[in-house]
Amino acid sequence: MFNAIVVQQTEADRRSHAALTQLDPESLPPGDVLVRVEWSTLNYKDALAITGKGAVVRRFPMVPGIDLAGVVEHSEHPEWTVGDRVLLNGWGIGEAHWGGLAQYARVDGDWLTRLPPSLNTHQAMAIGTAGYTAMLSLLALERHGLTPDRGEVLVTGANGGVGSYAITLLAARGYRVVAATGRPEEAAFLERLGAAEIIDRSELSGPGKPLAKAQWFAAIDSVGSYTLANVCARTSPDGLVAACGLAQGMDFPATVAPFILRGVSLLGINSVTRPAEERRHAWARLAEDIEPALLDAISRDIRLSETLEAAERLLAGTVRGRLVVDVNG
């Protein structure tokens, strides 16, 4: 038997509830690789699944957790052998396939990524989907011509997981970063990560003009809705905006003005189903660019039994950075 967080749905009112429980290994879903999970994470999407406040889970029962890192314990896949250190982000785990908030996971070997030699499983999960998404955003901006001499880069949701890593990664490459946050008391933390300027998110979070004074050349936005619309409206001519989240909402109350009058490019970032080579490249860059000492500043460890309460705090916006889950603690 092993420990896991399991989300069930009641037949009577179709409401979901989560609990820490024990499972039989035979109950694991099909897959050609069995991973003994060492560390997972608690992401915004996981919190929605656990609390039932978002339509994340697509089948019940479900083990949430869109991240995991551990060691291969059994493999019928030609790429993997017993003892390999692996990580997994996305591919629908925690939504349509049992995820990482458990001591074991059986998955499709094509979904796995080999852990970079310089990272251990704890460090990989301190980075997790948040850091991986931030890196995908930066790589997309760079492919479209972003360099440090083009101008400032805005990061929204700066105190969140994606925002924290976006600041860190940009600063490591010499970019001047403007951080938008709703928690000005965290300014010292953001400056430690590399932010050169802090602005209040209220400047961006409400209805705004279709086109406003240009303030930055590029942006990484994990918020969506009015925030993304205002970010685009304030981006410089031929500037770039990477959209990778929807914490404020899925809507996009904007006009085409920034795109046809300034030539702004809006780049969508899908972190869930990236091909293996792109994943390897992103994780290699993460291992190269992130100073291990900063991982402790951005992340905090919790036990598997603490995830239910932590999910509520995460949705309430009171969690700074990343929550790394010790599934064996």
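Preceding this section is the structure that the text describes.
These lines cover the structure that appears in this document, whether it is placed above or below. Each residue is numbered by its place in its chain's sequence as written, counting from 1. Totals for whole chains, interfaces and linings use all residues, but because this is a predicted model, local features are given only for residues with pLDDT of at least 70 and pairs of side-chain atoms are given and counted only at 80 or more. Each side-chain value is derived from all of the structure's non-hydrogen atoms; neither hydrogens nor water enter the calculation.

Focus: the overall build of the protein chain
- Across its full length, the protein chain carries 9 helices and 15 strands.
- Computation of the radius of gyration draws on C-alpha atoms alone. For the globule rule, the value is 2.2 Å times the number of residues to the power 0.38. For 329 residues, the compact-globule estimate of 2.2 N^0.38 gives 20 Å, and the C-alpha radius of gyration of the protein chain, at 20 Å, lies within 12% of that figure.
- Based on the C-alpha atoms only, the size of the protein chain along its principal axes is roughly 60 × 45 × 35 Å.
- Contact criterion: two residues are considered in contact whenever any of their non-hydrogen atoms come within 4.5 Å of each other. For the protein chain, the share of sequence-separated contacts (at least 6 apart) that also reach a separation of at least 24 residues comes to 70%.
- Only carbon and sulfur atoms are counted for the fraction: they give 50% of the accessible area of the protein chain, which is about 13800 Å².
- Taken as two groups, the 30 positive and 38 negative side-chain charges of the protein chain have centres that lie 5 Å from each other. Strands are runs of DSSP state E lasting at least 2 residues, helices are runs of H or I lasting at least 4, and numbering of each runs from the N terminus. The Shrake-Rupley method, run with a 1.4 Å probe sphere, supplies the accessible areas, and residue values consider only the shown protein chains as cover. We treat Lys and Arg as the positive residues and Asp and Glu as the negative residues; His and chain ends play no part in the count. Just so you know, the charge point we use is NZ for Lys, CZ for Arg, CG for Asp and CD for Glu.

Structural notes on unusual backbone geometry
- With an omega of -10 degrees, the peptide bond between F60 and P61 qualifies as cis.
- Relative to the elements of secondary structure, P61 occurs in the loop between α1 (44–51) and β4 (67–75).
- Positive phi outside glycine occurs at W91, with the angle close to 60 degrees.
- In this structure, W91 sits in the loop between β5 (85–89) and β6 (104–107).

Quick word on the environment of G109
- Its location among the elements puts G109 in the loop between β6 and β7 (113–114).
- Each C-alpha atom of the pair G109 and L88 lies 9.7 Å from the other, and the pair is 21 residues apart in sequence.
- When residues no more than four places from it in sequence are discounted, the contact partners of G109 are D32, V33, H77 and W80.

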